[in-house]
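Coordinates in review
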Amino acid sequence: MTLSPLDDYPVHQAPEVMRHVTTSDRNFYDRYYFNCHAGSDELMLIIGLGQYPNLGVTDAFACVRHRDLHRVVRASRELGADRMDTRVGPFRVEVVEGLKRLRVVLDDNEHGLSFDLAWEGTIPATLEPRHFIRWQERVIFDSVRMAQTGRWTGHITVGDERVEVTPDRWQGTRDRSWGIRPVGEPEPPGIQARNSGTFYWLYAPMRFDDHAILCIVQEDEKGRRVLEEAVRVWPSGEEEYLGRPDYRPVYVPGTREVTSATITFSPPGGKPFDLLCTPLLPVHLMVGTGYGLEPGWKHGMYQGPEPVVQGVTYTLPQDAAKMWGMVDAVGRFEYEGNVGYGLFEYWALGPHPSFPA
């Protein structure tokens with residue numbers, strides 16, 4: 001075992017040094033996720049940075065959708081002993097005040113995207129339900145996540161254009177998740193090859209003037225609810241449970257591209273209400289970022305002993321055929337006279353009762 005600076009803090013949870021997690025599962029991960037937008041279709045920036053202790057890797061990405069541009073900068077290095085070191089090439093995340101204020105930086109580089117952004121939460125960081133899925137005897141998801149809405153201050157540079165980011169306009173959501181879910185190079189599938197491959201998913205953290213709503217829906221190939229969340233959160237930290245969310249997306253005919261969706265919330269003892277979701281700017285999260293489409297670049301995949309930094313650029317609509325998978329859209333959300341903005345993340349992969357056989 002090797003000590004690291006984190007071992008000098010009284011935070012141990014097991015008879016291990018802090019750089020070692022309590023499971024040897026190769027798929028253990030620990031990740032930051034952020035998005036930044038102005039509640040419009042002008043620009044959306046998505047940032048992720050993860051550590052994979054049992055793979056010995058840390059990596060990061062930033063993906064921007066700006067006009068017809070889909071641009072990604074990504075970096076990877078060996079994790080090393082110090083898990084408090086979040087630098088990955090030109091990327092770094094700084095915790096200024098835990099659970100409230102952070103700084104996220106992508107230094108100038110040759111790939112045409114950089115930023116220096118300060119985050120401030122508008123609600124307390126909120127713990128979501130544990131995500132647990134066992135399939136064919138193997139635990140494939142066992143993770144926890146906290147979510148938060150907030151505002152941004154700083155700047156983003158895309159190509160030669162500098163965008164000033166001020167908290168009166170620029171907002172977003174962030175999460176921190178850790179645990180087990182598939183990462184890195186594919187393993188021999190074995191009996192897991194019998195998995196139907198369904199991933200029917202909605203994730204919608206949204207911010208209104210004086211509160212936020214956090215909503216999750218995941219169902220399996222038979223339409224059974226795997227994970228759900230529906231809670232209204234106030235800046236004071238007070239939470240109101242909104243019951244079982246009912247998600248009804250409207251698709252472009254012949255596709256699984258969502259044009260709008262209705263979520264019905266049914267608070268226990270309260271009056272049910274409908275919330276209208278409209279995606280304003282879709283970003284295909286899995287294109288270039290490591291979430292799974294490129295065989296040579298996946299989260300946690302070892303890229304060699306030397307740090308690696310890469311850039312990937314696509315142009316729409318010319319490269320539209322390459323844009324598929326999970327969508328992270330700037331979303332507009334409306335209910336009972338309230339209008340808010342946030343993340344409208346969805347994917348409908350594989351069989352599900354809502355699709356014709």
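Predicted, not measured: the structure shown is a model, and the values here were computed from it.

1. Brief notes about the overall build of the chain
Secondary structure summary: the chain contains zero helices and 22 strands in total. For the chain, the C-alpha radius of gyration of 20 Å lies close to 21 Å, the compact-globule estimate for 357 residues. With respect to the principal axes defined by its C-alpha atoms, the chain has extents near 55 × 50 × 45 Å. Looking at the chain as a whole, 54% of its 357 residues are labelled buried. Per element, the accessible surface of the chain, about 16200 Å² overall, is 51% carbon and sulfur. Mean positive and mean negative side-chain charge positions of the chain (37 and 49 charges, respectively) differ by 3 Å.

2. Overview of the nonpolar core
Counting residues in hydrophobic clusters, the biggest one holds 33 residues, and the most contacted among them are Met44, Ile46, Phe199, Trp201, Tyr203 and Met326. When near neighbours in sequence (up to four residues on either side) are disregarded, Trp201 contacts His131, Arg145, Ile216, Val217, Gln218, Leu227, Met326, Glu345, Tyr346 and Trp347. One finds Phe34, Ala62, Val104 and Trp170 within the second-largest nonpolar core, a separate group that totals 30 residues.

3. Quick look at the environment of Met206
Tracing the backbone shows Met206 in strand β13 (residues 199–207). For Met206, a relative accessible area of 0% puts it in the buried group. In sequence terms Met206 and Glu306 are 100 residues apart; their C-alpha atoms lie 39 Å from each other. Beyond its immediate chain neighbours, meaning those up to four positions away, Met206 contacts Thr149, Ala212, Ile213, Leu275, Phe333, Tyr341 and Gly342.

4. With respect to unusual backbone geometry
Of note, the bond from Leu316 into Pro317 is cis; its omega dihedral lies within 30 degrees of zero at 5°. Examined against the element boundaries, Pro317 turns out to sit in the loop between β20 (308–315) and β21 (327–335). In the Ramachandran plot, Arg67 falls in the positive-phi region, its phi being about 55° despite a non-glycine side chain. With respect to the helices, strands and loops of the structure, Arg67 is situated in the loop between β3 (57–66) and β4 (69–78). The backbone of Gln136 shows a phi angle near 50°, a positive value even though the residue is not glycine.

5. Observations regarding the layout of surface pockets
Its boundaries defined by the atoms lining it, the second largest pocket holds a volume of some 1100 Å³. Leu6, Met18, Asp30, Arg83 and Arg176 are, among the 32 residues lining the second largest pocket, the residues nearest its centre. Secondary-structure elements contributing two or more residues to the lining of the second largest pocket are β1 (28–37), β2 (43–52), β5 (91–97), β10 (138–158) and β12 (171–180). Classifying every residue of the lining of the second largest pocket gives 17 nonpolar, eight polar and seven charged.

6. Observations concerning the side chain of Asp59
By the element assignment, Asp59 lies in strand β3. Although Asp59 lies buried, it forms no salt bridge, and the closest oppositely charged side chain, Arg31, sits 5.7 Å away as judged by the N-O distance. Among the polar contacts made by the side chain of Asp59, one reaches the side chain of Tyr52 at a distance of 3.1 Å. Those residues within four positions of Asp59 in sequence are excluded, and the remaining contacts are Gly48, Leu49, Gly50, Tyr52, Ala75, Ser76, Val88, Lys298, His299, Gly300 and Met301.

7. Points about the packing of aromatic side chains
Under the criterion given, the structure shown has 15 aromatic pairs. With centroids separated by 5.8 Å and ring planes inclined at 55°, the aromatic side chains of Phe199 and Trp347 adopt a geometry described as tilted. Of this pair, Phe199 sits in strand β13 while Trp347 sits in strand β22 (residues 338–349); the two residues are 148 residues apart in sequence, bridging distant segments of the chain. Phe199 gets classed as buried once you look at its relative accessible area, which sits at 15%.

8. Description of the sheet that holds β22
What the nine strands build is an open sheet, ordered β16-β15-β14-β13-β22-β21-β19-β18-β17; its pairing is antiparallel. The outermost strands of the open sheet, each flanked by one partner alone, are β16 (239–241) and β17 (246–251). Strand-to-strand twist of the sheet, defined as the mean angle between neighbouring strand axes without regard to direction, takes the value 25°. Pairing between strand β15 (residues 225–233) and β16: three bridges, direction antiparallel. Considered in β16, the bridge of Val233 is made with Glu239.

9. Some details on the side chain of Ser4
Inspection of the secondary structure puts Ser4 in the segment before β1. In contact with Ser4, not counting residues within four places along its chain, are Ala81 and Asp82.

10. A closer look at the pairing of β13
Taking burial as the measure, the nine residues of β13 include nine buried ones, the bulk of the element. Side chains Phe199, Trp201, Tyr203, Pro205 and Arg207 of β13 all project onto a buried face; the interleaved residues Tyr200, Leu202, Ala204 and Met206 project onto the opposite face, where all are buried too. Pairing geometry for β13 and β22, over seven bridges, is antiparallel. Bridging from a neighbouring strand, Tyr203 pairs with Glu345 of β22. Here β13 runs beside strand β14 (residues 212–219); their pairing, made up of eight bridges, is antiparallel. Bridge pairing in β14 places Tyr200 opposite Glu219. Between β13 and β14, which pair antiparallel in sequence order, lie four residues.

The rules behind these values
- Residues numbered from 1 in each chain as written.
- Predicted model: local features only at pLDDT ≥ 70, side-chain atom pairs only at ≥ 80, totals over all residues.
- Heavy atoms only, no water.
- Helix = DSSP H or I, 4+ residues; strand = E, 2+ residues; numbered from the N terminus.
- Rg over C-alpha atoms; globule rule 2.2 N^0.38 Å.
- Buried < 20%, exposed > 50% of the residue type's maximum accessible area, 1.4 Å probe, protein only.
- Areas by Shrake-Rupley, 256 points an atom, 1.4 Å probe, with all protein chains shown as cover.
- Lys, Arg positive; Asp, Glu negative; His and termini not counted.
- Charge placed at Lys NZ, Arg CZ, Asp CG, Glu CD.
- Core = buried A, V, L, I, M, F, W, Y, C linked by side-chain atoms within 4.5 Å.
- Contact = heavy atoms within 4.5 Å.
- 1 Å grid on protein atoms, 1.4 Å probe; cavity = no way out; pocket = protein on both sides within 12 Å on 5 of 7 lines; lining within 4 Å.
- Points joined across faces, edges and corners; volume = space filled by probe spheres on them.
- Nonpolar A, V, L, I, M, F, W, Y, C, P; charged D, E, K, R; others polar.
- Salt bridge = Lys/Arg side-chain N within 4 Å of Asp/Glu carboxyl O.
- Polar contact = N/O pair within 3.5 Å; in protein donor to acceptor, adjacent residues only side chain to side chain.
- Phe/Tyr/Trp six-rings, centres within 6.5 Å; stacked < 30°, edge-to-face > 60°.
- Pairing = 2+ DSSP bridges.
- Axes fitted to C-alpha atoms, helices over the stretch in contact; angles between N-to-C directions.

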